[in-house]
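# Survey of secondary and tertiary structure
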Protein chains: 4
Amino acid sequence: MADRAYDLVVRGGTVATAAEVVEADIGILGGRIVALGRNLAAGREEVSAKGLVVTPGGLDPHCHLEELAQDGSVHEESFASGSAAALAGGTTSFICFLPQWKGHSLADSAPGYEARAQKSRCDYSFHQIITDPTPEVLEREIPALIARGVRSLKVFLTYDPLRLDDAQLIRVLAVARRHRAFVTIHAENYDAIGWRIDALLKAGLTDPLQHAWARPPVVEREATHRAIALAEMVDQPVQIFHVSCEEAAEEIARARARGVKVWGETCPQYLTLSHDDLQGPDFAGAKAVCSPALREKGENERVWRRILDGTLDIVSSDHCGFSFATAKRAPGSGGYGMGDANLRPDGTPAFNAIPNGVPGIETRLPVLFSEGVSKGRIDLPHFVRLSSANAAKLFGLEGRKGSLMPGADADLVLWDPDAERTIRNSELHHAIDYTPWEGFAVKGFPSVTIAAGRVAVQGGEVLAQPGAGRFLARGPYAMA
Amino acid sequence: MADRAYDLVVRGGTVATAAEVVEADIGILGGRIVALGRNLAAGREEVSAKGLVVTPGGLDPHCHLEELAQDGSVHEESFASGSAAALAGGTTSFICFLPQWKGHSLADSAPGYEARAQKSRCDYSFHQIITDPTPEVLEREIPALIARGVRSLKVFLTYDPLRLDDAQLIRVLAVARRHRAFVTIHAENYDAIGWRIDALLKAGLTDPLQHAWARPPVVEREATHRAIALAEMVDQPVQIFHVSCEEAAEEIARARARGVKVWGETCPQYLTLSHDDLQGPDFAGAKAVCSPALREKGENERVWRRILDGTLDIVSSDHCGFSFATAKRAPGSGGYGMGDANLRPDGTPAFNAIPNGVPGIETRLPVLFSEGVSKGRIDLPHFVRLSSANAAKLFGLEGRKGSLMPGADADLVLWDPDAERTIRNSELHHAIDYTPWEGFAVKGFPSVTIAAGRVAVQGGEVLAQPGAGRFLARGPYAMA
Amino acid sequence: MADRAYDLVVRGGTVATAAEVVEADIGILGGRIVALGRNLAAGREEVSAKGLVVTPGGLDPHCHLEELAQDGSVHEESFASGSAAALAGGTTSFICFLPQWKGHSLADSAPGYEARAQKSRCDYSFHQIITDPTPEVLEREIPALIARGVRSLKVFLTYDPLRLDDAQLIRVLAVARRHRAFVTIHAENYDAIGWRIDALLKAGLTDPLQHAWARPPVVEREATHRAIALAEMVDQPVQIFHVSCEEAAEEIARARARGVKVWGETCPQYLTLSHDDLQGPDFAGAKAVCSPALREKGENERVWRRILDGTLDIVSSDHCGFSFATAKRAPGSGGYGMGDANLRPDGTPAFNAIPNGVPGIETRLPVLFSEGVSKGRIDLPHFVRLSSANAAKLFGLEGRKGSLMPGADADLVLWDPDAERTIRNSELHHAIDYTPWEGFAVKGFPSVTIAAGRVAVQGGEVLAQPGAGRFLARGPYAMA
Amino acid sequence: MADRAYDLVVRGGTVATAAEVVEADIGILGGRIVALGRNLAAGREEVSAKGLVVTPGGLDPHCHLEELAQDGSVHEESFASGSAAALAGGTTSFICFLPQWKGHSLADSAPGYEARAQKSRCDYSFHQIITDPTPEVLEREIPALIARGVRSLKVFLTYDPLRLDDAQLIRVLAVARRHRAFVTIHAENYDAIGWRIDALLKAGLTDPLQHAWARPPVVEREATHRAIALAEMVDQPVQIFHVSCEEAAEEIARARARGVKVWGETCPQYLTLSHDDLQGPDFAGAKAVCSPALREKGENERVWRRILDGTLDIVSSDHCGFSFATAKRAPGSGGYGMGDANLRPDGTPAFNAIPNGVPGIETRLPVLFSEGVSKGRIDLPHFVRLSSANAAKLFGLEGRKGSLMPGADADLVLWDPDAERTIRNSELHHAIDYTPWEGFAVKGFPSVTIAAGRVAVQGGEVLAQPGAGRFLARGPYAMA
Ligand SMILES: [Zn+2]
Ligand SMILES: [Zn+2]
Ligand SMILES: [Zn+2]
Ligand SMILES: [Zn+2]
Ligand SMILES: [Zn+2]
Ligand SMILES: [Zn+2]
Ligand SMILES: [Zn+2]
Ligand SMILES: [Zn+2]
């Protein structure tokens, strides 16, 4: 008797899981991995992985695509373009956000958003943003969402149209606990930032760099500590999004040491960019405006150290692109704004009116592979954990994503570890007109991306079509 | 030629300063200490300190006397009674609070309060409570106050009628910095307490012990960290009032280690009382309801350790007495309340409607001397620092209070270090009908208290009269 | 075309690797795992793992078998008996010790020892103990050993016949660094223990419990810190053996935080036993005499916490058995002794003359599985890391041991996670006449052990024969 | 009746004690301070302190004067010259060392040394160095010494002729505990330094800078931790001498936090000098060779931070001068040596044969005042604590030295806080031909030094004569 034939065999690669690196073939059938072995039987199709490193496809658990703001504006990055970029960069699934508009129920907010998402070329899921935790939302809508597999809530402690106060946050945490949902948190102190913005504007300091001045590390430390303390009181597991600095990471590490269930995420921008990128002629600093803000140069290494010690265990993109042309032209930020939106004499917006966010869904993994694996900071299993496996556990996709074991979705990336590339926006697939990593040299690049058992990208060409992706109903979190 | 004669010589005592213990006579003239020496010339009056320990008179930098709430209620402890109690317990000066009523200017709040204070038998000063930091208050009233020598502001992060939100706190800190005032902070998270109160009441848990359940250490840790972070952002020195637990103390210690200018105070109740005192028949637990709440038994020693390592450098009374008869009868708390005030079937108030605060202005130093010095935890100079000298520095009375050096106000206490006493409310001088230390045994007790160069208490009899005290205009803080 | 047939298929189990838990069959060919998959083709032989958990076979990186002391004495546990016990307890390979006798070259020490080891029923390797680092040893013998695959050195900072002083330790570390060997360290301060032993004996305190008094946590903390500091100076990776307490673990954690390459191991005795076990009638405490000594009860949980935070990442047995009959009868400890060996009036040895060590090669994994996995402290992947995978990395067996991936040696354990057993020495396979876990209840027990692709234990019967094991030449360490 | 007249009144100064700064006159009678007051009666003599700061005279608890090595060599600095330098620099008493020669009893070592000390111009005391703790020394000589008021022992963990091993150290600690003596420790790891010296010499690296390479911070950290751990085991208070770096200071801070009775001292060289001073043409780096070695530049501020947080509470000179002419000419170090003494081709000694130590008894306080008080790092009371008061407590001179209170020895310094001076060896009073602070600018300088009630230095002229100093029999330590 024989094994049954495979649809596809990825043959002869160096296979990296979250724990090990081995030489093995990977047998795929019906969109899933069914065997890992030496000398597997032939597949109907074969892809050679000779000389390549095979990892699970990336899972980007934090990105913003096609978000609909209450003012009618829509993020420029569509599901079709964003998912193409994801696949080209080795990411085969992502979690983006269902908005809630203040004053609206979840059901009434951003109508049609889920239908738009079906255009994705790769698998996707949602975090539900909560901006208005009315009894209706807390008691009826959230439980219903969770039943549908949207098992994580996202809350903001800052931004005018999004922030929750402490009382609201506590109620969301308590509901999440009752229904075993996970909670992710954008942690910066709203009032402190507001006070600083006012002071800077009053002083006539309006350049993009002042965005960082308005949001110093201490405002991130404060909100991180507060979010953790309130979660500790309620005994609800949480993740702190986009940790940018040692100050916030230290609070996470201390809480973990005393047994609090808290995790931390960071992003490539906090590992590679700095205040330098917020400066430059022709308003160029606006391209690097994101929140939390970029820090001083040395901070990158301090954040790396918190990856190495395990405090930060996921690297997401926080892809949230606004084209530079858009940013330059008119104030407004698709919901991510603070304070009144002022224009400067030359028509560019003051720092507080520049839309917040950088595009990165495509560059996330090449930058992480290059800065991490190729530069010797982390080994391949650590890369797998940071890029997919830990997020899969935390967000209820364990066994399905972030894994190359039998039963997992056949999402794989074949990396050429020796490929040397320079990142150029002209070669990226996203809809944004720039990348903050323009000219950034990387070593190691995805050669082939396989999603759901099919070759989705090869030779730089995105083969997967809009609609190929599936909505991922997720299970409860498991602790990473 | 001879020194000029002294009004009073305290002769032959063991003199303890903030740094040293020596045998010396103390020469007093015109209400001030003018000499410290061996074999001083005779004074017009002499007090023998043979076998006694002479310390500077206590400075209690945190007590509530005769406060006028917006609802017309007045604290039972009057300036006359409270200052008698202070002197009897070895405290020769205190700082209490000028209220601000929400919706009122400072000038309009608690009219006549300063005039009432003139009834004090010993020297006094004020912190100004800020509950409503309007531009008028911030820009005009606070600077005027400071010019009058009221150089410290007190803010609350909890209590319904008193709390400031973060934006208000930041504005107060910024104004304090501009005018070099000090800021003291009651640090507990308002929303977390509110959520817990609701949950407990809903569950029908209404006993005095639940007061502690409603305010667990994590709510104190959180607010302490937040207050410090915002002060750090503004670069304004602050003191955290009444630290009750390691959780809050740890936040102060960590901030100090990174250079933040923050100090911590604790009180005898957090060194000696615990949950045990919140229980008992006939509503007796109500006698120990204060905020922050008493902690579990072992916490006392952890707080002591934070005194020993210097994190907590002042022991105040937070005297805030409400008679048990009052507390039992009717909800209400003279401004220190949270949530709706519910009566229970037997007519006693639910835990959240019990007035907050314990009386302690008279017992503060005997308890501290006994538990600290007599039990060998601290030496005499440390006692002096905790009981007066550090507060004198922090609150702008350096050289005048907390000192036995030439030039200091002649405020002294002659301690009998071997006196063994049992605290009985019947022997106390305050206006409150109980003490939480009823039956508490102490070793070491004030034998004579001298204030402004006159014997104010001798043989348990208070000789100083109402009106003997003077308002202390204070200078800027010096760092302890 | 079909996959080629398997010698053996382990079918239908819940497979736990160092990172994941999946349902999969395991295909074995030529003593190695060659496939992991769903519905693998039939093997020539099949073992059902339905309802069972399949883990990599245990790797016990620290055990003492049949050691030959310089005085001619031999450890009672033979390779044949010890390896039977290992297999019965789910351990399929181990690393024991090549002795060096002081005054002898490595070659001249313990002649015939390696030949004896060939009697092992499962795979084995050696650490080389260095007690006399002469230039000959350092410059010629160690490099030769390393070339043969003995890539780790073991040094003792205590025990009369074994200890190195700092100068010797530094030379060993430097040689290890030059040749990329790993160094493991028994860390206790020799002089401090000696001083304490003298004082206790002088005071007539000779019971087994005094063994613990003679070696308080501070002597372990001190030597741990010193070993780490010297390794840091030389930049040589080291592992601290058998960490028994928070004091030592804290030093490891601190050093790791500053980037020092140091790892920590602990043992089941430090997770479950305590001072209680050092007491009892009829000299029973002697059964629990090991070094470092057992600690006070609460310490077990502190050590667990250091497993959870990653500071301690290997749980070995430190199996070092001396029968109770032997221990009772005559002083002497096969080399693990301190001070003069005194008999007490009743003929039993004083605490310092009781042989050091407890038997545990068979109970290690059942105790760890039960206390760890079944009690919910750790998940299955963590169990795999602690019991085999981390040791495989650190000791140069990565990819071969501690893994279920294609290419790994086919060493597997099928655990019945629901089996409830009480440990009885009468049912164990080791040669020692007692176990310190007599009567200890465990949940989860090995049902089948497979070694090198063959069923080695089934139904409690050890099928593997003496001689079945192979010497494992090891590669350089990889960091866990 | 009148106060009796004073021998001397220091009038009108700003008087700084360990805790306070006040305006006061100081009345002196019979060599002691007898009064502190406003408008004291006239003295037979008067010194105006108008515009000056009056502090207690410095107590330098760590300096080497006229030490007799076993090879017959004698330190160049005599008691007469060293004490003149001390007084000129504001130090009015010091503690130097009674040597023990290995193989000799205390009585037989350095004969005549105590008699030589009588030439001191200011008060002095001794620490007894223990290099050979025989039973005779431990059981008879040390108790006898303590009875004579030599209540502190000094041990070295490094230097060939001086070091104790751990067993010896423990015995010394135990004896000290029994007789309530204090123990001070030179903490560096002997074997690690020896190994490094060999390696550097083998590599032909022999310059003065290599002295620092041979003794990196980790060797100081290690020995500090070890000394503390052994003291903790014995429960004996100790002081770590001359802490040069954060690594060692951190170990002290951690031990204090867990309640260990350990104190730390540092010296001006570790606050102001660095590797830079170990380099320079013409062998100039030899002038800065001391142990522990100078560190990299940034370390100065880290040591300052440990002064500010209280970990380091004494600043001594560790004056141990060897003239540059001597150092240049011939190897040898009066007992402070390591390894064989090699000459280099140009006749200068290799780094390990340069005598260890820098002269600093005269510059200690001006440098500390200037860098500390004048630069705003510390206030005047902190200066007093660091320069005299803390040492007085720790070394059993409380109430007598480091104090300006009645009863204290009349040792005072009148500082001109505005005096700006440049340190020039030509203006110093010591016997050494250089100072490492040549050209160092200071602000604040002693204007008048008074010792035992007499003007000892005025206008830079040393008036006190050899023999004016008295031996100080000391009491038991009090904790600082
Ligand atoms: Zn965000
Ligand atoms: Zn985002
Ligand atoms: Zn309060
Ligand atoms: Zn209060
Ligand atoms: Zn061992
Ligand atoms: Zn062992
Ligand atoms: Zn020294
Ligand atoms: Zn010295």
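For the structure itself, consult the block above.
These remarks concern the structure in this document. (Residues numbered from 1 in each chain as written. Chains lettered and ligands numbered in written order. Predicted model: local features only at pLDDT ≥ 70, side-chain atom pairs only at ≥ 80, totals over all residues. Heavy atoms only, no water.)

As a further point, take the coordination of the zinc ion (ligand 8). Residue and element names in this part refer to chain D. Coordination of the zinc ion (ligand 8) by the protein comes from His62 (NE2), His64 (NE2) and Asp318 (OD), over a distance range of 2.0 to 2.2 Å. Between the zinc ion (ligand 8) and the zinc ion (ligand 7) the interatomic distance amounts to 3.5 Å. Assigned by exposure class, His62 and His64 land together as buried. (Donors = N, O, S within 2.8 Å, 3.2 Å for Na, K, Ca; no water. Buried < 20%, exposed > 50% of the residue type's maximum accessible area, 1.4 Å probe, protein only.)

In this complex, chain A contributes 26 residues to the contact, which on the side of chain C involves 26 residues. Summing the contributions of chain A and of chain C, the shared interface buries around 2300 Å²; its carbon and sulfur component is 55%. Taken together, the links from chain A to chain C amount to zero salt bridges. Inspection of the chain A/chain C interface yields nine residue pairs in polar contact (both at pLDDT 80 or more). Of all elements in the fold, only strand S2 (21-29) and strand S3 (32-37) of chain A reach the threshold of two or more residues within the side of chain A that touches chain C. Broken down by element, the residue count for the side of chain A that touches chain C peaks at four residues, all from S3(A). In terms of residue class, the side of chain A that touches chain C is built from 15 nonpolar, five polar and six charged. Of the pairings in the sheet, the one linking S3(A) to strand S3 (residues 32-37) of chain C comprises three bridges and is antiparallel in character. Looking at S3(C), one finds that A:Ala35 is bridged to C:Gly37. (Contact = heavy atoms within 4.5 Å. Buried area = accessible area lost by both parts, 1.4 Å probe. Salt bridge = Lys/Arg side-chain N within 4 Å of Asp/Glu carboxyl O. Polar contact = N/O pair within 3.5 Å; in protein donor to acceptor, adjacent residues only side chain to side chain. Helix = DSSP H or I, 4+ residues; strand = E, 2+ residues; numbered from the N terminus. Nonpolar A, V, L, I, M, F, W, Y, C, P; charged D, E, K, R; others polar. Pairing = 2+ DSSP bridges.)

A separate point is the interface of chain D and chain C. Between chain D and chain C, the contact holds 25 residues from the first and 25 residues from the second. Summed over both partners, the interface of chain D with chain C buries about 2100 Å², with 65% contributed by carbon and sulfur atoms. If you look at where chain D meets chain C, you find six salt bridges. Residue assignment for the side of chain D that touches chain C shows that the elements contributing at least two residues are helix H4 (166-179), helix H5 (190-202), helix H7 (217-234) and helix H8 (246-257) of chain D. Top element by residues in the side of chain D that touches chain C is H7(D). It accounts for 11 residues. A class-by-class count of the residues in the side of chain D that touches chain C yields 11 nonpolar, two polar and 12 charged.

With that settled, the discussion passes to the arrangement of the chains. There is a clear gap between chain B and chain C: no contact, and 17 Å between their nearest C-alpha atoms. Regarding chain A and chain D, which are not in contact, the minimum distance between any of their C-alpha atoms is 17 Å.

So, on to the packing of helix H8 (residues 246-257) of chain C against H8(D). Look at H8(C) against H8(D): their axes get within 14 Å of each other, and the N-to-C directions meet at 145°. For the pair H8(C) and H8(D), the sense of crossing is right-handed. From H8(C), C:Glu250, C:Glu251 and C:Arg254 reach across to H8(D), where they touch D:Glu250, D:Glu251 and D:Arg254. Of the residues assigned to the contact of H8(C) with H8(D), the class counts are no nonpolar, no polar and six charged. (Axes fitted to C-alpha atoms, helices over the stretch in contact; angles between N-to-C directions. Left-handed = near helix turned anticlockwise from the far one by under 90°.)

Enumeration over the complete set of coordinates arrives at zero disulfides over all chains. No disulfide involves B:Cys63; its sulfur sits 5.7 Å from that of B:Cys96, the nearest cysteine. Its relative accessible area of 0% is what places B:Cys63 among the buried residues. In this model D:Cys245 remains outside any disulfide bridge; the closest cysteine sulfur is found in D:Cys290, 12 Å from its own. (Disulfide = S-S within 2.5 Å.)

Here we take up the pairing of strand S9 (residues 152-156) of chain A. All names here are of chain A. When you tally the buried positions in S9, you get five out of five residues, the bulk of the element. Side-chain alternation along S9 places Ser152, Lys154 and Phe156 on one buried face and Leu153 and Val155 on a second face that is also buried. Where strand S8 (residues 123-129) and S9 come together, two bridges link them in parallel fashion. Looking across to S9, one finds that Ile129 is bridged to Lys154. In the classification by handedness, the crossover that spans S8, the intervening helix H3 (residues 135-147) and the parallel S9 is right-handed. (Right-handed = clockwise from strand over helix to strand, strands pointing away.)

With that settled, the discussion passes to the relation of the copies chain D and chain C. Mapping chain D onto chain C is achieved by rotating through 180° and translating by 0.0 Å along the same axis, at an RMSD of 0.0 Å. One copy is carried onto the other by what is essentially a two-fold rotation axis. A symmetric contact is evident, with 100% of the interface residues of chain D recurring at the interface of chain C. (Least-squares fit on C-alpha atoms with pLDDT ≥ 70 in both.)

All names here are of chain D. Where strand S9 (residues 152-156) meets strand S10 (residues 182-186), five bridges bridge the pair, whose relative direction is parallel. By the bridge assignment, Val155 is partnered in S10 with Ile185. A crossover links S9 with its parallel partner S10, the connecting element being H4, and its sense is right-handed.

For the rest of this paragraph, the subject is the packing of helix H7 (residues 217-234) of chain B against helix H8 (residues 246-257) of chain B. Residue and element names in this part refer to chain B. For the pair H7 and H8, the least separation of the axes is 7 Å and the interaxial angle reads 20°. Put simply, H7 runs roughly parallel to H8. In terms of crossing hand, the pair formed by H7 and H8 is right-handed. Of the residues in H8, those touching H7 at Pro217, Glu220, Arg221, Thr224, His225 and Ile228 are Glu247, Ala248, Glu250, Glu251, Ile252, Arg254 and Ala255. For the contact of H7 with H8, the residue count by class is five nonpolar, two polar and six charged. (Parallel < 35°, antiparallel > 145°, perpendicular 65-115°, else oblique.)

Turning to the sheet that holds strand S11 (residues 238-240) of chain D, a few remarks are in order. All names here are of chain D. In spatial order, the strands read S6-S7-S8-S9-S10-S11-S12-S13; together these eight strands make up an open sheet with parallel pairing. Among the strands making up the open sheet, the edge pair consists of strand S6 (58-60) and strand S13 (312-315). Between one strand and the next, the sheet's axes are offset by a mean angle of 30°, whatever the strand orientation. Across six bridges, strand S7 (residues 91-98) lies against strand S8 (residues 123-129) in parallel orientation. Residue Ile95 lies in a different strand from S8, and its bridge partner there is Ser125. In the packing of H4 onto the sheet, contacts are made with S9, S10 and S11, and the angle to S9 comes to roughly 170°.

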